[in-house]
Amino acid sequence: MHTEEKYMQRAIELAKKGQGMVNPNPLVGAVIVKDGRIIGEGYHEKYGQLHAERNALKNCTENPKGAALYVTLEPCCHYGKTPPCTEAIIESGISSVVIGSPDPNPLVSGGGAEALRRAGIQVIEDFMRTDCDRLNPIFFHYITHKTPYVVMKYAMTIDGKIATGAGYSRYITGKEARQRVHLDRSHLMAIMVGVGTVLVDDPLLTCRLEEGRDPIRIICDTNLSTPLQSKIVSTASRVPTIIATCCTDEEKLRSYREKHCRILQIDRSEDGHVSLPSLMKKLGEEKIDSILLEGGSSLNWSALRAGIVQKVQAYISPKIFGGETAKTPVGGEGAEFPDQAVKLINPKINIVGEDFLIESEVQICSPE
């Protein structure tokens, strides 16, 4: 690895420290180099606080005049919760800026790099872009489509079962895989299940990691049948909880609001359930940029059919349950012909403890 690549790699490592803390902003890391030495580094630590470039400048051990800045994402050039980073870079006297990913935000979109060039700063773009782009699939999707990036996660046995024929599912995977799921719950902004999961498992859907962040909990509940005494409703005063429903009974709705649940009234889809595309649009308006979908087989199929899923995480345990009636991860009516399958691309396979994790991007969500 060349020296310049090491500086950007360090910026990438710094950016990852902001996972779960900056949503719906992007993960960004920055390194300032002078005379072959790193004199300052920083990352975007928390939503609403200083961006990576300003943190790196604040942390400089000496005057950055004449130094080079390596940053994973194009610096912002607009006023938001913080002033433009381009202003701070120009005022600092930095002479060159090396950028990884362009910022697709319409408020930036090349404007940051152009502002730096107009100030006489040398700008190099698309440096290690592929590596930098991997930091922000959530941000890139959200800022482009204004809807959450949805990760469908499920755990199954090697013969494709998510529970035994008798309905028991605890636990399919080992401790390490379950810890990895809680890490994802902490990193993604929300978690979503169907009411069927609530009725069968009565889950909390919180993050069990010591320093983890609880995701916003979303229940898809067409007819508002979530039990008022369920764990999710009972803890809604301390963990943000949204119920998406088609119910219009104000007296019934009031019972959940009194328990601190937020109600989102959503139109019905053609099959009579909560319209998932309409729900995604509303959640995007709520600035929810990412969702971990831990639904049952019916909701998983509905989500794929509606085209709202961007990524699939399949945890596979080296066990065999068997059973003709045992459920599989994706149910519903399914595809009629093989060429109507939901297609996945760019698979990655990892071993997590005693289990396998296969992660793939969704190429075609709607099998038509």
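Use the structure listed above.
Read on for an overview of the structure. Since we're looking at a predicted model, the values are computed, not measured. (Residues numbered from 1 in each chain as written. Predicted model: local features only at pLDDT ≥ 70, side-chain atom pairs only at ≥ 80, totals over all residues. Heavy atoms only, no water.)

## Considerations on the nonpolar core
Formed by 33 residues in total, the largest nonpolar core has its most connected members in Met-192, Leu-279, Leu-283, Ile-291 and Val-309. Leave out the neighbours within four places in its chain, and Leu-283 touches Pro-148, Ile-218, Ile-242, Leu-264, Ile-288 and Ile-291. (Core = buried A, V, L, I, M, F, W, Y, C linked by side-chain atoms within 4.5 Å. Buried < 20%, exposed > 50% of the residue type's maximum accessible area, 1.4 Å probe, protein only. Contact = heavy atoms within 4.5 Å.)

## Re the pattern of salt bridges
A full pass over the atoms with the stated rule returns 17 salt bridges. Here Glu-286 ties to Arg-262 by a salt bridge, and the two come within 2.6 Å at their closest N and O atoms. You can see Glu-286 sitting in the loop between helix H11 (276-285) and strand E11 (290-293) and its partner Arg-262 sitting in strand E10 (residues 262-265), a full 24 residues away along the chain. Judged by relative accessible area, Glu-286 falls into the partly exposed class, the value being 33%. (Salt bridge = Lys/Arg side-chain N within 4 Å of Asp/Glu carboxyl O. Helix = DSSP H or I, 4+ residues; strand = E, 2+ residues; numbered from the N terminus.)

## What about the packing of helix H3 (residues 85-92) against helix H4 (residues 111-118)?
Relative to each other, H3 and H4 sit at 25°, their axes nearing to 10 Å. In terms of orientation, H3 and H4 fall into the roughly parallel class. The two elements H3 and H4 meet at a crossing, and its hand is right-handed. On H4, the residues that touch Thr-86, Ile-89 and Ile-90 of H3 are Gly-112, Ala-115 and Leu-116. Counted by class, the contact of H3 with H4 contains four nonpolar, two polar and no charged residues. (Axes fitted to C-alpha atoms, helices over the stretch in contact; angles between N-to-C directions. Parallel < 35°, antiparallel > 145°, perpendicular 65-115°, else oblique. Left-handed = near helix turned anticlockwise from the far one by under 90°. Nonpolar A, V, L, I, M, F, W, Y, C, P; charged D, E, K, R; others polar.)

## A look at unusual backbone geometry
Most peptide bonds are trans, and most residues other than glycine sit at a negative phi. Look at the link from Asn-23 to Pro-24: it is a cis peptide, with omega at 5°. Inspection of the secondary structure assignment puts Pro-24 in the loop between helix H1 (3-15) and strand E1 (29-34). Here the bond from Arg-170 into Tyr-171 is cis, since omega is -10°, no more than 30 degrees from zero. With respect to the element layout, Tyr-171 can be found in the loop between strand E6 (149-157) and helix H7 (175-187). Even without glycine at this site, Leu-224 takes up a positive phi of about 55°. Tracing the backbone shows Leu-224 in the loop between strand E8 (216-220) and helix H9 (231-234). Phi is positive for Lys-287, which is not a glycine, with a value near 65°. Along the chain, Lys-287 turns up in the loop between H11 and E11.

## Details of the packing of aromatic side chains
A complete count under the given rule lists three aromatic pairs for this structure. Ring geometry for Tyr-7 against Tyr-70: centres 5.2 Å apart, planes inclined by 55°, an arrangement best described as tilted. Residue Tyr-7 is found in helix H1, and its partner Tyr-70 is found in strand E3 (residues 68-73); the two are separated by 63 residues along the sequence. The exposure class assigned to Tyr-70 is buried, which follows from its relative accessible area of 8%. With a centroid separation of 6.1 Å and 55° between ring planes, the pair formed by Phe-139 and Phe-140 is classed as tilted. A residue is classified by how much of its surface remains accessible, and Phe-140, at 18% relative accessible area, is buried. Ring pairs connect the aromatic residues Tyr-7, Tyr-70 and Phe-127, which therefore count as one cluster. Positioned above the aromatic ring of Tyr-171 is the side chain of Arg-178, whose terminal nitrogen or guanidinium carbon lies 4.0 Å from the ring centre. (Phe/Tyr/Trp six-rings, centres within 6.5 Å; stacked < 30°, edge-to-face > 60°. Lys NZ or Arg CZ within 6 Å of the ring centre and 35° of its normal.)

## Examining the side chain of Glu-74
With respect to the helices and strands, Glu-74 occurs in the loop between E3 and H3. Among buried Asp, Glu, Lys and Arg side chains, Glu-74 stands out as unpaired, with Arg-117 the closest opposite charge at 7.4 Å. For Glu-74, the side chain forms a polar contact with the main-chain nitrogen of Gly-110, separated by 3.0 Å. Polar side-chain contacts of Glu-74 include one of 3.4 Å to the backbone nitrogen of Gly-111. Among residues more than four places away in sequence, those in contact with Glu-74 are Ile-99, Ser-101, Pro-102, Asp-103, Val-108, Ser-109, Gly-110, Gly-111, Gly-112 and Ala-113. (Lys, Arg positive; Asp, Glu negative; His and termini not counted. Polar contact = N/O pair within 3.5 Å; in protein donor to acceptor, adjacent residues only side chain to side chain.)

## Brief notes about the pairing of strand E12 (residues 311-317)
Most of E12 is tucked away: six of the seven residues are buried. When E6 meets E12, the two strands line up parallel, connected through seven bridges. Among the inter-strand pairings, Ala-155 is bridged to a residue of E12, identified as Tyr-315. (Pairing = 2+ DSSP bridges.)

## A short note on the pairing of E8
When you tally the buried positions in E8, you get five out of five residues, the bulk of the element. Judged by which residues are buried, E8 turns out to be covered on both faces: Ile-216, Ile-218 and Cys-220 on one side and Arg-217 and Ile-219 on the other are all buried. Pairing analysis gives five bridges linking strand E7 (residues 190-194) to E8, with the strands arranged parallel. From the neighbouring strand, Ile-191 faces E8, where its bridge partner is Arg-217. As a crossover connection, the stretch from E7 through helix H8 (residues 195-201) into E8 is right-handed. Here E8 pairs with strand E9 (residues 241-245) via four bridges, running parallel. (Right-handed = clockwise from strand over helix to strand, strands pointing away.)

## Some points on the environment of Glu-324
Considering the arrangement of structural elements, one finds Glu-324 in the loop between E12 and strand E13 (343-352). Taking C-alpha positions, Glu-324 is 31 Å from Ile-291, a pair spaced 33 residues apart along the chain.

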